[in-house]
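Breakdown of the fold
So you can see what is in the structure, the chains are spelled out below.
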Amino acid sequence: MKLTLKIWRQSGPEDKGAMKTYPVEGIDGDMSFLEMMDVLNEQLIEQGEEPVAFDHDCREGICGMCSMYINGQAHGPKRGVTTCQLHMRSFKDGDTIYIEPWRSKAFPVVKDLVVDRSSFDRIIQSGGFVSVNTSGNTIDANATPIEKENADKAFDAATCIGCGACVASCKNASAMLFVSAKVSQLSLLPQGDPERKSRALNMVNQMDEEGFGNCTNTGACSVECPKEISLENIARMNREFLKASVSKE
Amino acid sequence: MAKLKSVTPKGALKDQWTNHKNDINLVNPANKRLIDVIVIGTGLAGSSAAASLAEMGYNVKAFCFQDTPRRAHSIAAQGGINAAKNYQNDGDSTFRLFYDTIKGGDYRSRESNTYRLAEVSANIIDQCVAQGVPFARDYGGLLDNRSFGGVLVSRTFYAKGQTGQQLLLGAYSALSRQVAKGKVTMYTRHEMMDVVMVDGKARGIIARNLITGELERHGAHAVVLCSGGYGNVFFLSTNAMGSNVSAAWKAHKKGAYFANPCYTQIHPTCIPVSGDHQSKLTLMSESLRNDGRIWVPKKKEDCKAIIEKSKRAEDIPEEDRDYYLERRYPSFGNLVPRDVASRAAKERCDAGFGVNKTGNAVFLDFASAIVRYGKLEANIKNVKNPTDKQIKEWGRAVVKSKYGNLFDMYKQITDDDPYFTAMKIYPAVHYTMGGLWVDYNLMTNVPGLYACGEANFSDHGANRLGASALMQGLADGYFVLPYTIGDYLSKDIRTGAIDTEQKAFEEAEQNVQTRIDKLINNNGTKSVDHFHKRLGKVMWDKVGMARNEKGLKDAIKEITEIREDFWKNVKVPGSANAFNPELDKAGRVADFLELGELFAQDALDRKESCGGHFREEYQTKEGEALRDDKKYAYVAAWEYNEVPSKAKLHKEELTFKEVELKTRSYK
């Protein structure tokens, strides 16, 4: 099939950036969206132009590196998939596709479609862990049984891949779904219990400091999330944060 | 260079690690603050090593080329992690895990290292649970296990099909905690360009900031490479796009021996190549072979009809199907080990029985499992005369509960629904057992240079068992390296910070700059991928699942030619002083073009078949691998020597005290 691509080009963080139009041909329905981008880039290199920079790595939907706004939707039109798992059979011959980077103050553009998501790392560093040393002398793994339901819920929250689609989809550029997924996972497990208060307070504070917006319960984040992380986590984080705030000395 | 010293401790296998820990030198806590360690890569091995070293008090600098350490390719591991916990009371033990690993590796790994891996495996599970890793649990709240290929016990811990992700996020959280404390400085979007040697010791690296293109000098008292495997030398593999050999290869060129490069694992069940545009391959977990039956049509006209889409798998009658694994290996059937299953698929496709347009695909069929489960369900539901439709419906529900996420992924990629038609699968490059040679302390033959995880060669011999890669990465990073590195660093407590203004750093940086300039100013006509694809094709055709002398010699010649062509005609757009992914890729492919040659040389030199290395000249009458323990029970450690195929071979003889060498048979 033949397509017209309208792609955001921006040479660096200081550049103003603009949409540019590129035709591509010979696109097969079996190609992934990123393989279609590879075809475009090969073409640009041949023409002596600079290829479009985009983030990608595992190309099997788990590393969380790929990050594109496709026709106004994070990771494109399909539910529950990342850009790398979106295939060209979702498009028709002659389509025009708009491709843009994540848009959020806390995710500055590095180049073209590549953004800086280090704010997510700093949020995890502020408390997204259990303070246990890697001594190998912890207690036996089966010494603390965990109710299956809680273990499963913790797992569901823990499947977040940190791609940032939630932020990109939110009209407030809020990172609540990302932060709540980690807060939830650790508050549902006995291992996370001792630090639950400081964790909720610190991670929320760091999120605010990074310039993410607030949550107004529109739920777009969860709809666009490639791992379909539930909104329930945000509610749980709000409870954790509130409890921690009122019981703080 | 001196003779290879594995520094294996004395005494019985089961006492070696304990004795060794008691014997080696330690660094006191106050002195650890004076010592800097560099860790390259943040997968399971790298994140766990960086976090553990920082907890102990060393100053750590960690580097990854991705935008955050959490993206390293360990994240994509599906199946699980082995540990000799014996929670199922099915007779598992440290010795049994050790024995399975040695045997699975076709007796080509070092006994002492493999035993230690089994010994610390149980601690890994305790550690990960303490970090909040949400492993699967049963209704009693205790940890669940499942079985994996090639073993007789249930020792695999898992978190659905995302075990690698959960373990990596656990290690990443431990790393993040140390970053917050200031004990680890994290350098993301940075690539190691070279190791810097001072007075014969590794004393730092030259790194490139991938955003600005700037070269940076980083000094340290030791450098730890956790940079993963080199499967991408084949262009198409299940590795991530960025996975590369460059860090290990640079170390090799600075004197570190590269061991057993030809030991590559080709995983039998991956989604086949669909066309020339393909950029990577996707694995379908080994667990599918528990219920799926592998077959191709008996008649070539049926294969043709399937390719032309005039017939589908379900149209081929039972008597016209060749369940070739069940035919050739009646006792193990579809559950033969990975290397055997892969070669058998290739044999059928080479004979012209492939079932997709490239001719390289076989069926993995769940139809009989669906009926079998459906009938069981009918019994459970107490339905006396179920209809065919009911049986299939119930059967599909059972299969969904077991493999739902894999079936979804398959459908996403191929647009075929495996609940209703057979999957098409084909082997693909998945893991590399070879890597930098290391001693018992995980130090390469270069003082101060260490290698952990997939980057080293030590634990899996010629073939790795499923669910053992995660185990090794975390064992090395959490529990082995943090102890053993102290023995070396104890001599460095008075060295002081490494001066990066000295000549060695200047020279190394200059060499890196020269190479980058050459790539960027080359003004050729062909893209980096053009050369990478050509290399991949030679590797796959001649150094892949089956190798022979003529093919390997041709491969060495062809790779040399591609490399020359690359340096003449490669075109790298953009500038060296900016974010430029094409330039990053060019450097990596240039290194693959050298490694590929050594890889083929190693395969040529090893005149036997073992594990993932199959030489057509060395097989039994039935087409099975023929090992030669008299001549080849050694580790081939290669010393760099200008031209990769002229590398100098050093042999570490493997001695087996506790296991008896046997021929693997799955008939």
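**Things to note about unusual backbone geometry**
All names here are of chain B.
- One non-glycine residue with positive phi stands out, namely Val 7, at about 45°.
- Looking at the element boundaries, Val 7 is found in the segment before α1 (13-23).
- A relative accessible area of 38% means that Val 7 is categorised as partly exposed.
- Positive phi is not limited to glycine here, since Leu 442 has a value of about 70°.
- Relative to the assigned elements, Leu 442 resides in the loop between β16 (435-436) and β17 (449-451).
- For Leu 442, a relative accessible area of 0% translates into the label buried.

**Side note on the pattern of salt bridges**
- Evaluated as defined, the whole model comprises 69 salt bridges over all chains.
- Where Arg9(A) meets Asp112(A), a salt bridge forms, and the shortest distance between an N and an O atom there is 3.2 Å. Highlighted residues: Arg9(A) in strand β1 (residues 3-9) and Asp112(A) in the loop between β6 (109-111) and β7 (114-115), separated in sequence by 103 residues.
- The exposure class of Asp112(A) is buried, given its relative accessible area of 2%.
- Put simply, Asp106(B), Arg108(B), Asp339(B), Arg606(B), Glu608(B), Arg627(B), Asp629(B) and Arg664(B) are held in one network by salt bridges that share partners.

**Things to note about the domain arrangement of chain B**
Residue and element names in this part refer to chain B.
- Segmenting chain B into domains produces domain 1 (267-428) and domain 2 (503-628).
- With ten residues of domain 1 at the contact, the number on the domain 2 side is eleven residues.
- When residues of domain 1 are sorted by the area they lose upon contact with domain 2, Asp 339, Arg 343 and Lys 346 head the list and together hold 54% of the total.
- Its salt-bridge partner being Glu 624, residue Arg 328 comes within 3.7 Å of it at the nearest N-O pair.
- The element contributing the most residues to the side of domain 1 that touches domain 2 is helix α10 (residues 338-353), with four residues.
- Here the side of domain 1 that touches domain 2 is built from residues that sort into four nonpolar, one polar and five charged.

**Some words on the packing of helix α15 (residues 528-542) of chain B against helix α16 (residues 549-569) of chain B**
All names here are of chain B.
- Relative orientation of the contacting elements α15 and α16 amounts to 175°, with a least axis distance of 10 Å. Here α15 is positioned roughly antiparallel relative to α16, judged by the angle of their axes. Note on element contacts: α16 touches α15 through Gly 551, Leu 552, Asp 554, Ala 555, Glu 558, Ile 559, Ile 562, Asp 565, Phe 566 and Asn 569, opposite Phe 531, Arg 534, Leu 535, Val 538, Met 539 and Lys 542.
- In terms of residue class, the contact of α15 with α16 is built from nine nonpolar, two polar and five charged.

**Some remarks on the nonpolar core**
- Counting residues in each nonpolar core, the largest one holds 232 residues, and the members touching the most others are Ile81(B), Phe135(B) and Ile485(B).
- Take this core: its biggest share by element is twelve residues, from helix α17 (residues 581-605) of chain B.
- Residues within four places of Phe135(B) in sequence aside, it is in contact with Ile81(B), Ile125(B), Cys128(B), Val129(B), Leu143(B), Phe157(B), Tyr158(B), Ala159(B), Thr163(B) and Leu167(B).
- In terms of nonpolar packing, the next biggest core, distinct from the first, is built from 25 residues, Leu3(A), Phe33(A), Ile70(A) and Leu86(A) among them.

**Details of the sheet that holds β16(B)**
All names here are of chain B.
- An order of β16-β10-β18-β19 is seen for the four strands of this open sheet, with the pairing classed as antiparallel. This sheet does not close on itself; its edge strands, each paired only once, are β16 and β19 (648-653).
- Where α17 meets the sheet, its contacts fall on β10 (258-259), β18 (634-639) and β19, and the angle it forms with β18 comes to roughly 145°.

**Comments concerning the environment of Ala45(B)**
All names here are of chain B.
- The topology assignment puts Ala 45 in helix α3 (residues 44-56).
- Along the primary structure Ala 45 and Asn 569 are separated by 524 residues, whereas in three dimensions their C-alpha atoms are 37 Å apart.
- The residues contacting Ala 45, other than those within four sequence positions of it, are Cys 226, Cys 452, Gly 453, Gly 473 and Gly 477.

**Here's the deal with helix α2 (residues 118-125) of chain A**
- Most of α2(A) sits out of view: seven of its eight residues are buried.
- Those residues of α2(A) that sit buried are Ser118(A), Ser119(A), Phe120(A), Asp121(A), Ile123(A), Ile124(A) and Gln125(A).

**Observations concerning the packing of α15(B) against α17(B)**
Residues and elements named next belong to chain B.
- Contact geometry for α15 and α17: axes closest at 10 Å, N-to-C directions at 20°. When the axis of α15 is compared with that of α17, the two are roughly parallel. Like other packed secondary-structure pairs, α15 and α17 cross with a definite hand, here left-handed. Listed contacts from α17 to Val 528, Asp 529, His 532, Leu 535 and Met 539 of α15 are Glu 582, Lys 585, Ala 586, Val 589, Phe 592, Leu 593, Gly 596 and Phe 599.
- Taken together, the residues of the contact of α15 with α17 sort by class into eight nonpolar, two polar and three charged.

**What to know about α3(B)**
All names here are of chain B.
- The terminal C-alpha atoms of α3 lie 18 Å apart, and with 13 residues this matches the ideal 18 Å at 1.5 Å per residue to within 8%.
- Within α3, twelve of the 13 residues are buried, which leaves the element mostly enclosed by the surrounding structure.
- Along α3, the residues that are buried comprise Leu 44, Ala 45, Gly 46, Ser 47, Ser 48, Ala 49, Ala 50, Ala 51, Ser 52, Leu 53, Ala 54 and Glu 55.
- Against the buried residues of α3 lie β1 (36-40), β2 (59-63), α6 (163-181), β5 (184-187) and α13 (469-489).
- Backbone geometry just after α3 places Gly 57 at a positive phi near 120°.

**Digging into the environment of Gly453(B)**
- Looking at the secondary structure, you find Gly453(B) in the loop between β17 and α13.
- Residues Gly453(B) and Ser575(B) lie 122 residues apart in sequence; the distance between their C-alpha atoms is 34 Å.

**Examining the packing of aromatic side chains**
Residue and element names in this part refer to chain B.
- Using the criterion set out here, one finds 32 aromatic pairs over all chains in the structure.
- Both rings, one in Phe 366 and one in Tyr 403, keep their centres 6.1 Å apart while their planes meet at 55°; by these two values the pair is tilted. Placement of the pair is Phe 366 in the loop between β14 (362-365) and α11 (367-381) and Tyr 403 in helix α12 (residues 388-414), with a sequence separation of 37 residues.
- By relative accessible area, Phe 366 is classed as buried at 1%.
- The lysine or arginine in question, Arg 116, covers the ring of Trp 17, its NZ or CZ lying 4.8 Å from the ring centre.

**Some details on the sheet that holds strand β11 (residues 264-270) of chain B**
All names here are of chain B.
- In space, the five strands of this open sheet follow the order β11-β15-β14-β12-β13, with antiparallel pairing throughout. Across the chains shown, the open sheet's two edge strands, defined by having one partner strand only, are β11 and β13 (321-322).
- Both β11 and strand β15 (residues 423-432) contribute to a ladder of five bridges, which runs antiparallel. Looking at β15, one finds that Cys 270 is bridged to Tyr 426.

Scoring rules and cut-offs
Residues numbered from 1 in each chain as written. Chains lettered and ligands numbered in written order. Predicted model: local features only at pLDDT ≥ 70, side-chain atom pairs only at ≥ 80, totals over all residues. Heavy atoms only, no water. Helix = DSSP H or I, 4+ residues; strand = E, 2+ residues; numbered from the N terminus. Buried < 20%, exposed > 50% of the residue type's maximum accessible area, 1.4 Å probe, protein only. Salt bridge = Lys/Arg side-chain N within 4 Å of Asp/Glu carboxyl O. Domains from an automatic or database assignment. Contact = heavy atoms within 4.5 Å. Buried area = accessible area lost by both parts, 1.4 Å probe. Nonpolar A, V, L, I, M, F, W, Y, C, P; charged D, E, K, R; others polar. Axes fitted to C-alpha atoms, helices over the stretch in contact; angles between N-to-C directions. Parallel < 35°, antiparallel > 145°, perpendicular 65-115°, else oblique. Core = buried A, V, L, I, M, F, W, Y, C linked by side-chain atoms within 4.5 Å. Pairing = 2+ DSSP bridges. Left-handed = near helix turned anticlockwise from the far one by under 90°. Expected span 1.5 Å × (residues − 1). Phe/Tyr/Trp six-rings, centres within 6.5 Å; stacked < 30°, edge-to-face > 60°. Lys NZ or Arg CZ within 6 Å of the ring centre and 35° of its normal.

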